[in-house]
Amino acid sequence: MELSYQPQFSRFLFNPSSPPAPRKMEARCLSSTSYLFNPLSGGIGTLKNISQAKGSLSKTSDSSPVGHSHSSGNHAFASWCTFYPKEKLNVSHDYFKRHNQVRVPRYIVARSEIAGTGYPDAAHELPELQLVSKVKGFFFYAVTASVAIILFVLMVVAHPFVLLFDRYRRKAHHQIAKMWALLAITPFLKVEVEGLDNLPSSDTPAVYVSNHQSFLDIYTLLTLGRSFKFISKTSIFLFPVIGWAMFLLGAIPLKRMDSRSQLQTLKRCIDLVKKGGSVFYFPEGTRSKDGKLGAFKKGAFSIASKCGVPVVPITLIGTGKIMPVGMESRLYPGSIKVVIQKPIYGKNTEELCNEARNIIAETLVNEG
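Throughout this description, residue numbers start from 1 for each chain and increase along the sequence as written. Reporting of local features is limited, given that this is a predicted model, to residues whose pLDDT is at least 70; pairs of side-chain atoms are given and counted only at 80 or more, and all residues count toward the totals for whole chains, interfaces and linings. The basis for every side-chain value is the complete set of heavy atoms in the structure, and neither hydrogens nor water enter the calculation.

J.: In this structure, what is going on with the packing of helix H9 (residues 299-307) against helix H11 (residues 349-367)? I would like to understand it.
T.: Helix-helix packing is described using two parameters, namely the angle between the two axes and the distance between the axes. Axis geometry follows a simple rule: fit a line to the C-alpha atoms, using only the stretch in contact for helices, then measure angles between N-to-C directions, giving values from 0 to 180 degrees. Helix and strand definitions follow DSSP, with helices as H or I runs of at least four residues and strands as E runs of at least two, each counted in order from the N terminus. One way to put it is that H9 packs onto H11 with a least axis distance of 8 Å and a crossing angle of 125 degrees. The angle between the axes of H9 and H11 places the two elements in the oblique class. Handedness of the H9/H11 crossing: right-handed. Taking contact as the criterion, the partners of Phe301, Ser302, Ala304 and Ser305 in H9 are, on H11, Thr349, Leu352, Cys353 and Ala356. Three classes are used: nonpolar for Ala, Val, Leu, Ile, Met, Phe, Trp, Tyr, Cys and Pro, charged for Asp, Glu, Lys and Arg, and polar for all others, with Gly counted as polar. Here the contact of H9 with H11 is built from residues that sort into 5 nonpolar, 3 polar and no charged. Any angle from 65 to 115 degrees is called roughly perpendicular, while one under 35 is roughly parallel, one over 145 is roughly antiparallel, and all others are oblique. Crossing chirality is assigned from the near helix's rotation relative to the far helix, an anticlockwise turn below a right angle marking it left-handed and a clockwise turn marking it right-handed. Contacts between residues were defined by any pair of non-hydrogen atoms, one from each residue, lying within 4.5 Å.

Following this line, the structure appears as structure tokens:
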């Protein structure tokens, strides 16, 4: 007997003309948690830990793959499942002829625990919403690029004067960047800012920190109009217009996983803050894929404690659902809220780090 899988119909079929099937089977699946059907016992087994199941199985010469990855809607079917015989069935081939055909369920439904990364609402979207989000995303980037080209020219013209009179804060460039962010976001999204009075004056050096959920975070933070310098990975500076504008703004490059680059970035930030500038950090280091707040790195708080400047905690709410990680080409409906907390001071790096994280985490719980 032979098991064959037809992905276009999402079912397993029996072929009684093939040799008898084993009585017991084990399965090795390279997909996520799935439900597997045992055609002889008529039962459905569950592999809740694929990696554990995979390690416990030993490959035999009789094994053969019977399926491949297939998904539809909210369901994902087991991919590359290999069945391993444990005990041979001692019956003749006529057994199947006398009993016609072993009945099996027509369809096998397997639910995946990793149907999508990021926010779960985006993993099960309706086709209509998917199309609308892609169209909105296209127009969002079209507007962003068009406005950026025009305003970048203004930055280039103003740059010599900025270097002469305002090298460390670069207020003129940041006002142009604020205009760019507002023109890009306003036609598509609503941004609400709470606690604007808690922002230090533009002449006061500070270290700003925030949670990181989406590519939209930069746009949102630029609308605040403060002259802080982002810490950005070096590859961003290679992007036409956008990357070049970040260079003119004075953004500080960082090579991830490079301890030498991290040390240079830290020294550069300390030097900038001592000369009256401000820096902006995402202490998580990268965007959150599920909206949960990750652990904070201590670099930003080390700068604040050494330079004696305030840390300004900022909480971003909604950006991750509007443009989830891995879905940067789409723009889902929603609104963004920015909550600015009162500045905090301290000489102890670890205490500053914990206090800032607790403030942002509490705001996410209360406002989210």
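J.: Would you explain the state of the cysteines in this entry?
T.: Disulfide: a covalent bond connecting the sulfur atoms of a pair of cysteines. Counting rule for disulfides: a pair of cysteine sulfur atoms within 2.5 Å. Scanning all chains against the criterion turns up 0 disulfides. No disulfide involves Cys307; its sulfur sits 9.3 Å from that of Cys269, the nearest cysteine.

J.: How do you make sense of unusual backbone geometry when you look at a structure like this?
T.: As a rule of thumb, non-glycine residues mostly have phi less than zero, and peptide bonds are mostly trans rather than cis. Positive phi is not limited to glycine here, since Arg170 has a value of about 55 degrees. Inspection of the secondary structure puts Arg170 in the loop between helix H4 (127-165) and helix H5 (171-185). Although it is not a glycine, Val241 adopts a positive phi angle of roughly 65 degrees. Among the secondary structure elements, Val241 is positioned in the loop between strand S12 (228-233) and helix H7 (242-249).

J.: What should I look at first to understand the confidence of the model for the chain in this one?
T.: Each residue carries a pLDDT score, the predictor's confidence in it, ranging from 0 to 100. The predicted model of the chain averages 74 in pLDDT, with 65% of residues at 70 or higher. Considering only residues more than four positions removed or in separate chains, one finds that residues 1-91, a stretch of pLDDT under 50, has 184 contacts. Every residue in residues 99-117 scores below 50 in pLDDT, and together they form 44 contacts with partners more than four places removed in sequence or on other chains.

J.: Help me understand H4, please; the structure alone is not making it clear to me.
T.: For an α-helix, the turn length of 3.6 residues means that residues three or four places apart are oriented alike. For H4, which comprises 39 residues, the first-to-last C-alpha distance of 53 Å matches the rise-based estimate of 57 Å (1.5 Å per residue) to within 8%. The bend reported for a residue corresponds to the angle between axes fitted to the seven residues ending at that residue and the seven starting there. The largest bend in H4 comes to about 45 degrees, at Ala158, with the proline Pro160 one to four residues further on. Take the number of residues in a helix, subtract one, and multiply by 1.5 Å to get its expected span.

J.: Honestly, the nonpolar core in this entry has me stumped. Any pointers?
T.: The nonpolar side chains of a soluble globular protein tend to be buried with one another. Residues Leu221 and Ile314 are the most contacted members of the largest nonpolar core, which totals 39 residues. Contributions of two or more residues to this core are made by H4, H5, helix H6 (216-222), S12, H7, strand S15 (311-317) and strand S16 (335-340). Aside from chain neighbours lying at most four places away, what touches Leu221 is Phe228, Phe230, Phe280, Phe282, Ile314 and Leu316. Buried Ala, Val, Leu, Ile, Met, Phe, Trp, Tyr and Cys residues that are joined via side-chain atoms within 4.5 Å together make up what is termed a nonpolar core. Exposed residues in this analysis have more than 50% of their type's maximum accessible area, buried residues have under 20%, and partly exposed residues fall in between, with area computed by a 1.4 Å probe over protein chains only. If you look at the next biggest cluster of nonpolar residues, it comprises 27 residues, including Val273, Leu293, Ile344 and Leu364.

J.: It is not clear to me how H11 should be interpreted in this structure. Could you clarify?
T.: Under the 1.5 Å per step criterion, the end-to-end length of H11 is 27 Å for 19 residues, consistent within 8% with the ideal 27 Å. Residues of H11 that are buried include every one of Leu352, Cys353, Ala356, Ile360, Thr363 and Leu364, and no others. The buried side chains of H11 occupy one side of the element, clustering within an arc of 105 degrees when seen end-on. Facing away from the buried side of H11 by more than 90 degrees, the exposed set consists of Glu351, Glu362, Val365 and Asn366. Close packing links the buried residues of H11 with strand S11 (207-210), H9, S15 and S16. Nitrogen and oxygen atoms within 3.5 Å of one another constitute a polar contact, given that in protein one can donate a hydrogen and the other can accept it, and given that sequence-neighbouring residues count only through two side-chain atoms. Between the side-chain oxygen at the start of H11 and the backbone nitrogen of Glu350 there is a gap of 3.0 Å, and the oxygen is on Asn348. Regarding the arc, it is the one traced by the directions from the helix axis to the C-beta atoms.

J.: I keep staring at the UniProt feature "transmembrane region" (unreviewed entry) in the chain and nothing clicks. Help me out?
T.: Mapped onto the present numbering, the UniProt feature "transmembrane region" (unreviewed entry) falls at residues 138-165 and 236-254. End-to-end, the C-alpha atoms of residues 138-165 are 39 Å apart, and along that stretch the chain is 100% helix and 0% strand. Measuring from the first to the last C-alpha atom of residues 236-254 gives 10 Å, for a span that is 42% helix and 16% strand. UniProt positions are given in the numbering used here, feature names are shortened, and annotations may be inferred rather than shown by experiment.

J.: Is there a simple way to think about the environment of Val338 in this case?
T.: Topologically, Val338 is positioned in strand S16. Separated by 147 residues in the primary sequence, Val338 and Val191 place their C-alpha atoms 7.5 Å from one another.

J.: In this structure, what is going on with the pattern of salt bridges? I would like to understand it.
T.: Opposite charge on two side chains allows them to pair when their charged atoms are near. Here, a salt bridge means any side-chain nitrogen of Lys or Arg that lies within 4 Å of a carboxyl oxygen of Asp or Glu. In the structure shown here, the tally under the stated rule is 6 salt bridges. A salt bridge links Asp271 to Lys275, with the shortest nitrogen-to-oxygen separation between them at 3.3 Å. Accessibility expressed as a relative area gives 37% for Asp271, which makes it partly exposed. Residue classification places Lys275 among the partly exposed positions, given a relative accessible area of 42%. The partner of Glu328 in a salt bridge is Arg287, and the shortest N-O contact between them spans 2.6 Å. Residue Glu328 is found in the loop between helix H10 (319-322) and S16, and its partner Arg287 is found in the loop between strand S14 (278-281) and H9; the two are separated by 41 residues along the sequence. We classify Glu328 as partly exposed; its relative accessible area is 22%.

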